[in-house]
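# Reading the structure
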Amino acid sequence: MKKLRRPSIRMDQYALLLLAGPAIVYFFVFHYLPMVGVVLAFKDYRYHLGILGSEWVGLSNFDFFFRSADAWRITRNTVGYSFLFIVVGNLTAMVVALLLNEIRNKFAMKYYQTTMIFPTFLSWVLISFITYSFLHPTLGLLNQFLVFLHFEPVSWFSEPKYWPFILTIMDVWKGVGMGSILYFASLMGVDASLYEAARIDGANRWKQTLHISIPAIVPVATILTILAIGNAFRADFGLFYQIPRDVGVLYPTTDVIDTYIFRGLRNGDVGITAATGLFQSAVGLIMIVAVNSIIRKLKPENALF
Amino acid sequence: MHRGIIHAFFILFSLVFIIPMLIVISISFSNEQDIVRDGYRLFPENFEWTAYQIVFANPEQILNAYVVTTIQAVLGTLLSVLIMSLCAYALSRQNFKWRKPITLFIFFTMLFGGGLIPTYILITQYLHLGNTIWVYILPSLANAFYIIIFRTFFQGLPHDLVESAKMDGAGELRIYFTIMLPLSKPVLASLAFMTLVNKWNDWFTALVYVRDNKLYTLQYLLQRILKESEFIKQMSRDMPENINLGSFDLPTETVRFAMAIVAAGPVMVIFPWFQKYFARGLTIGAVKG
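Residues numbered from 1 in each chain as written. Chains lettered and ligands numbered in written order. Predicted model: local features only at pLDDT ≥ 70, side-chain atom pairs only at ≥ 80, totals over all residues. Heavy atoms only, no water.

Quick reminder of the rule: UniProt positions are given in the numbering used here, feature names are shortened, and annotations may be inferred rather than shown by experiment.
Looking at an unreviewed UniProt entry, chain A carries the name Sugar ABC transporter permease, with the source organism given as Paenibacillus sabuli. For chain A, the Sequence similarities (unreviewed entry) comment in UniProt is given as "Belongs to the binding-protein-dependent transport system permease family."

Shown next as structure tokens:
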């Protein structure tokens, strides 16, 4: 029998490069070429002249953006909502996970988890149908309820002050199922004998939760929080675009960097919007690198890089 | 005792997730006049199919959106998973010379990007993918984070497997298909499912890049339905009374919600059954990339 010849090391290298090839081409075209496009932030873009042909204008796009009232508003909203969602979302998910940990009935557990996880699979478009049916000024359920209680109905889509609550509730509503499953998973990892020992020592359920369960989820909470802080400069476009329905009156409390950039694209303000995008990407990069160096100090094995 | 309170809490809490869905279903089975008179209700005052009859009498747009969305989700997911796992396999091989630079090259895209505007101009002005089916597939072919999850999984597989296969003269592609892929079914299923859900729910791509209504995805179609029929109503309100718009008699409220159920319902019932893949995918991702 003829012995099969082992392919040479050199051939292996090219074969592996070939396997990675499609992904490399993809990242080059769709991620690195747009990075070259950030020069748009320093140009007065004209479609017929193209990216390279358009005139350089230095920092005037940035100047215009930072002088506008929008700059402060969208930055404050983006960062503010990120922190609000991190705190409220994580706390809700933790509490739910701790409560789930007390459930022993398998069927009940499955039922609770499945209902909570359902919104994870809904798009923001579909969720906007739901919020619309609650918030519609005349037909909406919320106003029917207010009238039933002899309150004045509220015109939800023209009152910015209610939107921090609405947006936070919707973010938590969509995310609590997944969040609680992540925390619950770390609770499942707790050695059952710890609870057993505590019980023998006379600790009640509350004491056990305080001294065993909560410390068990703190590491996951830390990592999730730090990662979320690293992304605090990016907003969930779907939430901020679909739920407030792009209503201009609500911008003071609903406009974030991502919706601002999208509108800029729609209106053809390429230069200023590209400058805003570069501002977002650059600050985002700094924040992730900063956050990563913090994780490196706390828990090196969880560092991203 | 304390468990009773916790159960009571969860029973109430689960209603927070069930009632909104019931409302959408209820509106779709309601009588338009009831809705206009009394507002949306948790249960229909008069149960009727009218809205669904209207939706099914003109199914072209929805069927078309189903076809587009299926192509985007299924073809997109297959290609994505193939390309990402092939690359991850190469990066998982310790003796691959360019492993480090390529990993860095891919990883960096997670930290920094050109942003929407440069991407938009590239895709529409230079690659001319705007308004084509390809815009749903090509710009989202790979995800750096998923590649890293794949790679980490492959690295965890016993290295001897690859070595002995090579002794037997198997090429890289064959090792990947006959050894690595069958061993990585759990991670493959999780990442494929997460990609599929994301693609099925995508409306952003259509919103930004697609004008041709034959290329609308289901979610984008729904978005337009929610916005547009309001627009029609707005117009009819501004019109003098003797002018009757064609859609004036259309039961817009109920039809809109029936469309939402027809477009999104079937898959919404299926997805939660696969939640374990989703949860596992997230857990792998959250622990370490």
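### A short note on the interface of chain A and chain B
In plain terms, the rule: Only heavy atoms enter the contact rule, under which two residues are in contact if any of them lie within 4.5 Å. Summed over both partners, the accessible area (1.4 Å probe) lost when two parts come together is defined as the buried area. Salt bridge, as used here, is a side-chain nitrogen of Lys or Arg placed within 4 Å of a carboxyl oxygen of Asp or Glu. For the purposes of these results, a polar contact is taken to be a pair of N or O atoms within 3.5 Å, where, inside protein, one atom must be able to donate a hydrogen and its partner to accept one; residues adjacent in sequence count only when each atom of the pair is a side-chain atom. Helix and strand assignments follow DSSP, with helices taken as H or I runs no shorter than four residues and strands as E runs no shorter than two, numbered in order from the N terminus. By the convention adopted, Pro, Cys, Tyr, Trp, Phe, Met, Ile, Leu, Val and Ala count as nonpolar, Lys, Arg, Asp and Glu as charged, and the other residues, Gly among them, as polar.
Taken together, the contact between chain A and chain B spans 96 residues of the former and 102 residues of the latter. Approximately 8900 Å² of surface area, both sides summed, lies buried where chain A meets chain B, with 75% of it carried by carbon and sulfur atoms. A per-residue breakdown of the area chain A buries against chain B is headed by Leu19, Phe121 and Phe129 of chain A, which together make up 9% of the total. Our enumeration of links across chain A and chain B arrives at zero salt bridges. Connecting chain A to chain B are 17 residue pairs in polar contact (both at pLDDT 80 or more). With 21 residues, helix α1 (residues 9–36) of chain A is the largest single contributor of residues to the side of chain A that touches chain B. Residue classes in the side of chain A that touches chain B are distributed as 68 nonpolar, 19 polar and nine charged.

### Looking at the UniProt feature "transmembrane region" (unreviewed entry) in chain A
Feature annotation in UniProt places "transmembrane region" (unreviewed entry) on residues 12–33, 79–100, 121–142, 162–190, 210–233 and 272–295 of chain A, given in this structure's numbering. The distance separating the terminal C-alpha atoms of residues 272–295 of chain A is 35 Å; by composition the span is 100% helix and 0% strand.

### Re the environment of Thr75 of chain A
Residue and element names in this part refer to chain A. Note the cut-off: Burial classification: accessible surface area is computed with a 1.4 Å probe over protein chains only, and a residue below 20% of its type maximum counts as buried, one above 50% as exposed, and the rest as partly exposed.
Mapped onto the elements, Thr75 comes out in helix α4 (residues 69–100). Residue classification places Thr75 among the buried positions, given a relative accessible area of 17%. As for Thr75 and Ile229, which are separated by 154 residues in sequence, their C-alpha atoms are 14 Å apart. Residue contacts for Thr75: discarding those within four places in its chain leaves Phe233, Ile257 and Phe279. Within the structure, the side chain of Thr75 is placed 2.6 Å from the backbone oxygen of Ala71, a separation counted as a polar contact.

### Focus on the confidence of the model for chain B
Residues and elements named next belong to chain B. To keep things clear, this is the line we draw: Note: pLDDT gives the predictor's confidence per residue, expressed from 0 to 100.
In the predicted model, chain B carries a mean pLDDT of 84, and 88% of its residues have values of at least 70. The secondary-structure element of chain B with the lowest mean pLDDT is helix α14 (residues 275–287), recorded at 63, while helix α11 (residues 204–209) shows the highest, at 95. For the stretch residues 234–248, pLDDT sits under 50, and the model shows seven contacts to residues farther than four places along the chain or on other chains. Across the predicted assembly, pTM comes out at 0.88 and ipTM at 0.88.

### Re the UniProt feature "domain: ABC transmembrane type-1" (unreviewed entry) in chain A
Feature annotation in UniProt assigns "domain: ABC transmembrane type-1" (unreviewed entry) to the following positions: residues 75–291 of chain A. From the first C-alpha to the last, residues 75–291 of chain A spans 19 Å; its make-up is 75% helix and 0% strand.

### Some remarks on unusual backbone geometry
All names here are of chain A. In this structure, His150 takes a positive phi of about 65 degrees despite not being glycine. Residue placement: His150 occurs in the loop between α7 (141–148) and α8 (163–188). Judged by relative accessible area, which is 75%, His150 ranks as exposed. Non-glycine residue Arg245 carries a positive phi angle of around 60 degrees.

### Re the side chain of Ser85 of chain B
Residues and elements named next belong to chain B. Tracing the sequence through the fold places Ser85 in helix α4 (residues 60–92). Residue classification places Ser85 among the buried residues on the basis of a relative accessible area of 1%. Side-chain polar atoms of Ser85 contact the backbone oxygen of Leu82, separated by 3.2 Å. A distance of 2.5 Å separates a polar atom in the side chain of Ser85 from a polar atom in the side chain of Tyr176. Excluding its chain neighbours within four sequence positions, the residues that come into contact with Ser85 are Phe150, Phe154, Tyr176 and Leu181.

### With respect to the packing of aromatic side chains
To be explicit about the condition: In this analysis, rings of Phe, Tyr and Trp, with Trp reduced to its six-membered ring, are considered paired at centre separations within 6.5 Å, and the interplanar angle assigns stacked below 30 degrees, edge-to-face beyond 60, and tilted for intermediate values. By definition here, charges over rings are those cases where NZ of Lys or CZ of Arg is within 6 Å of the ring centre and within 35 degrees of the ring normal.
Taken as a whole and judged by the stated rule, the model has 46 aromatic pairs over all chains. For the ring pair Tyr89 of chain B and Phe154 of chain B, a centre distance of 6.4 Å and an interplane angle of 85 degrees mean the geometry is edge-to-face. Of this pair, Tyr89 of chain B sits in helix α4 while Phe154 of chain B sits in helix α7 (residues 144–156), and the two are 65 residues apart along the sequence. As far as the burial class goes, Tyr89 of chain B and Phe154 of chain B line up, both buried. Among the aromatic side chains, those forming a connected cluster through ring pairs are Tyr111, Tyr112 and Trp173 of chain A together with Phe9, Phe10, Phe13 and Phe17 of chain B. The residue whose ring lies beneath Arg205 of chain A is Tyr195 of chain A, and the NZ or CZ to ring-centre distance is 5.4 Å. A cation over an aromatic ring shows up here: Arg245 of chain A above the ring of Phe157 of chain A, its NZ or CZ 6.0 Å from the ring centre.

### Considering the pattern of salt bridges
Under the counting rule described, the total for this entry stands at 14 salt bridges over all chains. Several salt bridges converge on common partners, so that one network encompasses Asp34, Arg37, Asp38, Arg41 and Glu45 of chain B.

### Focus: the side chain of Ser281 of chain A
In this fold, Ser281 of chain A is placed in helix α14 (residues 270–298). With a relative accessible area of 6%, Ser281 of chain A lands in the buried category. At 3.1 Å, the side chain of Ser281 of chain A forms a polar contact with the backbone oxygen of Gly113 of chain B. Among all residues touching Ser281 of chain A, those that are not within four sequence positions of it are Phe112 and Gly113 of chain B.

### Brief notes about empty space enclosed by the protein
All names here are of chain A. For the record, the criterion: Lining residues are those with an atom within 4 Å of a point, where the points come from a 1 Å grid over the protein atoms alone and group into cavities, where a 1.4 Å probe fits but cannot get out, or pockets, open sets with protein on both sides within 12 Å along at least five of seven lines. Grid points are joined across faces, edges and corners, and a volume is the space filled by probe spheres set on the points.
Tallied over the entire structure, the rule returns three cavities of 30 Å³ or more. Roughly 70 Å³ of internal volume is contained in the second largest cavity. In terms of lining, the second largest cavity is formed by Phe240, Tyr241, Pro244, Asp246, Val247, Tyr251, Thr254, Asp255, Thr259, Phe262 and Arg263. Here the lining of the second largest cavity gets three residues from one element, more than from any other, and that element is helix α13 (residues 257–267). For the lining of the second largest cavity, a count of residues per class yields six nonpolar, two polar and three charged.

### Remarks on the nonpolar core
Using the following cut-off: Definition used in this section: a nonpolar core is a set of buried Ala, Val, Leu, Ile, Met, Phe, Trp, Tyr and Cys residues joined via side-chain atoms within 4.5 Å.
In this structure, Leu122 of chain A together with Phe10, Tyr89, Ile147, Phe150 and Leu222 of chain B are the most contacted members of the largest nonpolar core, which totals 177 residues. The element contributing the most residues to this core is α4 of chain B, with 14 residues. Excluding residues within four positions of it along the chain, Leu222 of chain B makes contact with Val125, Leu126 and Phe129 of chain A together with Met259, Ala260, Ala263 and Ala264 of chain B.

### A look at the packing of helix α9 (residues 172–183) of chain B against helix α10 (residues 185–200) of chain B
Residues and elements named next belong to chain B. Counted only if it meets this: Only the stretch in contact is used when a helix axis is fitted, and all axes are lines through C-alpha atoms; the angle between N-to-C directions ranges over 0 to 180 degrees. Should an angle fall under 35 degrees it is called roughly parallel, over 145 degrees roughly antiparallel, and 65 to 115 degrees roughly perpendicular, with every other angle called oblique.
At a minimum axis distance of 5 Å, the contact between α9 and α10 shows a crossing angle of 75 degrees. It follows from the interaxial angle that α9 and α10 lie roughly perpendicular. Taking contact as the criterion, the partners of Leu181, Pro182 and Leu183 in α9 are, on α10, Lys185, Pro186 and Leu188. Residue classes in the contact of α9 with α10 are distributed as five nonpolar, no polar and one charged.

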